[in-house]
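Read off the chains here:
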Amino acid sequence: MKKIKKALVVYYTRNYGTLSAVKKALQKSGVAASYVKRENEPAIQRTVRNADAVIVVGGDGTLLRASHFIESTPVLHISSHTGKNEAFFARATSGDANRKIRLLAAGEYKINRLLRLEAALNGKKLPFKALNEVYAGSREAYHVSRYTLVIGKRKEEQKSSGILIATPAGSYAWVRSAGGKTLPLTAKKIEYVVREPYVGRLTKPKMTKGVLSGSQSITLISKIWERHKGVVVIDSYKKEFEFKNGDRLVVRAAKQPLNLVSF
């Protein structure tokens, strides 16, 4: 693989000394680095263009936030503390960061291409690709979400606590907790799970979960009442996109995966 000469390091402030270990390892390996806090999104967008690789120091939240501003640049996730964060995507820790960064600099690494999702709301693409999942439904879980679910030629009116549309990586996260199926990490599949589907006299949903090929798409037409504040959220990120009655959301596989570094 390509040798790494310049890196962007995106880090969470509470990194338990791991950032210091990463800095020393980069210096030893002769890799020039820029350091940006995960909250400084404009700096991430600006700096990533000139980086050979992105090194994320933190938990999965830091990796997910950084991924929204990365296209094809390889990403190495280093867990800041194995006892305090899950770090599902991490392929290094403070204990082996020196060796892994040396391998990265020398081009001795592999790439796992992780499928991401793109979402379009009323024909306009949302600015972030989802590495885990797209949530659509009422802003508050105790408010019912009303919508029409369309997959291919199948269509169904539903009421639920919202719907999750996930990547294979996301199948190990919220979707699994909601009753979904875990998929091979590098599969080209899309999974959806309807959260707490309402079943009653007038509503008997059948399209409550499923796994689709990467060439298929999922469409949701909102029927959410205004007072229930429908939203679309990517990777549980703080940015919410309004999903009003009549709005049309289309979710499909993105062309550009996330290139996750492994060894």
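Worth saying up front: this structure is predicted, and the values here are computed from it rather than measured.

(A) Spotlight on the nonpolar core. Grouped together as the largest cluster of nonpolar side chains are 52 residues, with contacts concentrated most on Leu149, Ile163, Tyr192 and Leu249. For Tyr192, the contacting residues outside a window of four places in its chain are Leu149, Ile151, Ile163, Leu164, Ile165, Met207, Thr208, Lys209, Gly210, Leu212 and Ile218. Judged by nonpolar contacts, the second largest core, of 22 residues, contains Val9, Val31, Tyr109 and Ile111.

(B) Region of the structure containing a positive patch on the surface. Together, Lys24, Lys28, Arg99 and Arg102 line one region of the surface with positive charge. Elements with a contribution of two residues or more to the positive patch: helix H1 (18–29) and helix H4 (97–106). Checked against the element boundaries, Arg102 lands in helix H4.

(C) Structural view of the packing of H1 against H4. Where H1 contacts H4, the two axes come as close as 9 Å, and the packing angle between them is 40°. Regarding the angle of H1 to H4, the classification is oblique. Helix-helix and strand crossings are classified by hand; for H1 and H4 the assignment is right-handed. Here H1 contributes Val22, Ala25, Leu26, Lys28 and Ser29 to the contact with H4, which in turn contributes Ala97, Asn98, Ile101, Arg102 and Ala105. For the contact of H1 with H4, a count of residues per class yields six nonpolar, two polar and two charged.

(D) Highlighting the environment of Lys124. Looking at where Lys124 falls in the secondary structure, it is placed in strand S7 (residues 124–125). In this structure Lys124 comes out as exposed when scored by relative accessible area, which is 63%. Along the primary structure Lys124 and Val250 are separated by 126 residues, whereas in three dimensions their C-alpha atoms are 9.6 Å apart.

(E) The packing of aromatic side chains, seen in detail. Under the defined criterion, the tally for this structure stands at six aromatic pairs. Arranged with centres 5.1 Å apart and planes meeting at 85°, the rings of Phe88 and Phe89 form a pair that is edge-to-face. For Phe88, a relative accessible area of 31% puts it in the partly exposed group. Site record: aromatic cluster; members linked through ring pairs are Phe69, Phe128, Tyr237 and Phe241. Across from the ring centre of Tyr35, 5.0 Å away, lies the NZ or CZ of Lys23, which sits over that ring. Across the ring face of Trp225, the terminal group of Arg146 is positioned such that the distance to the ring centre comes to 3.8 Å.

(F) Spotlight on H4. Every buried residue of H4 is accounted for by Ala97, Lys100, Ile101, Leu103, Leu104 and Ala105. Its buried side turned inward, H4 meets H1, strand S3 (53–58), strand S4 (75–79) and strand S18 (258–262). Taken from the residues just after H4, Gly107 is the one with a positive phi, measuring 80°.

(G) Here's a closer look at the sheet that holds strand S10 (residues 154–160). Read from one edge to the other, the open sheet built from six strands follows the order S7-S6-S17-S14-S9-S10, with strand pairing classed as antiparallel. Bordering the open sheet on either side are S7 and S10, each of which pairs with just one other strand. With five bridges connecting them, strand S14 (residues 217–222) and strand S17 (residues 248–253) associate as antiparallel partners. Residue pairing in the sheet places Leu220 in a bridge with Leu249 of S17.

(H) Structural view of the pattern of salt bridges. Within this structure, the stated rule accounts for nine salt bridges. The residue Glu118 makes a salt bridge to Lys125 at a minimum N-O spacing of 3.4 Å. With relative accessibility at 57%, the residue Lys125 sits in the exposed group. With a closest N to O distance of 2.6 Å, Lys223 and Glu157 form a salt bridge. Within this pair, whereas Lys223 is found in the loop between S14 and strand S15 (230–234), its partner Glu157 is found in strand S10, the two being separated by 66 residues in sequence.

Thresholds, definitions, all that
Residues numbered from 1 in each chain as written. Predicted model: local features only at pLDDT ≥ 70, side-chain atom pairs only at ≥ 80, totals over all residues. Heavy atoms only, no water. Core = buried A, V, L, I, M, F, W, Y, C linked by side-chain atoms within 4.5 Å. Buried < 20%, exposed > 50% of the residue type's maximum accessible area, 1.4 Å probe, protein only. Contact = heavy atoms within 4.5 Å. Patch = residues over 30% accessible without salt bridge, like charges linked within 9 Å, V, L, I, M, F, W, Y side chains within 5 Å. Areas by Shrake-Rupley, 256 points an atom, 1.4 Å probe, with all protein chains shown as cover. Salt bridge = Lys/Arg side-chain N within 4 Å of Asp/Glu carboxyl O. Lys, Arg positive; Asp, Glu negative; His and termini not counted. Charge placed at Lys NZ, Arg CZ, Asp CG, Glu CD. Helix = DSSP H or I, 4+ residues; strand = E, 2+ residues; numbered from the N terminus. Axes fitted to C-alpha atoms, helices over the stretch in contact; angles between N-to-C directions. Parallel < 35°, antiparallel > 145°, perpendicular 65-115°, else oblique. Left-handed = near helix turned anticlockwise from the far one by under 90°. Nonpolar A, V, L, I, M, F, W, Y, C, P; charged D, E, K, R; others polar. Phe/Tyr/Trp six-rings, centres within 6.5 Å; stacked < 30°, edge-to-face > 60°. Lys NZ or Arg CZ within 6 Å of the ring centre and 35° of its normal. Pairing = 2+ DSSP bridges.

Nothing here speaks to function; it is geometry throughout.
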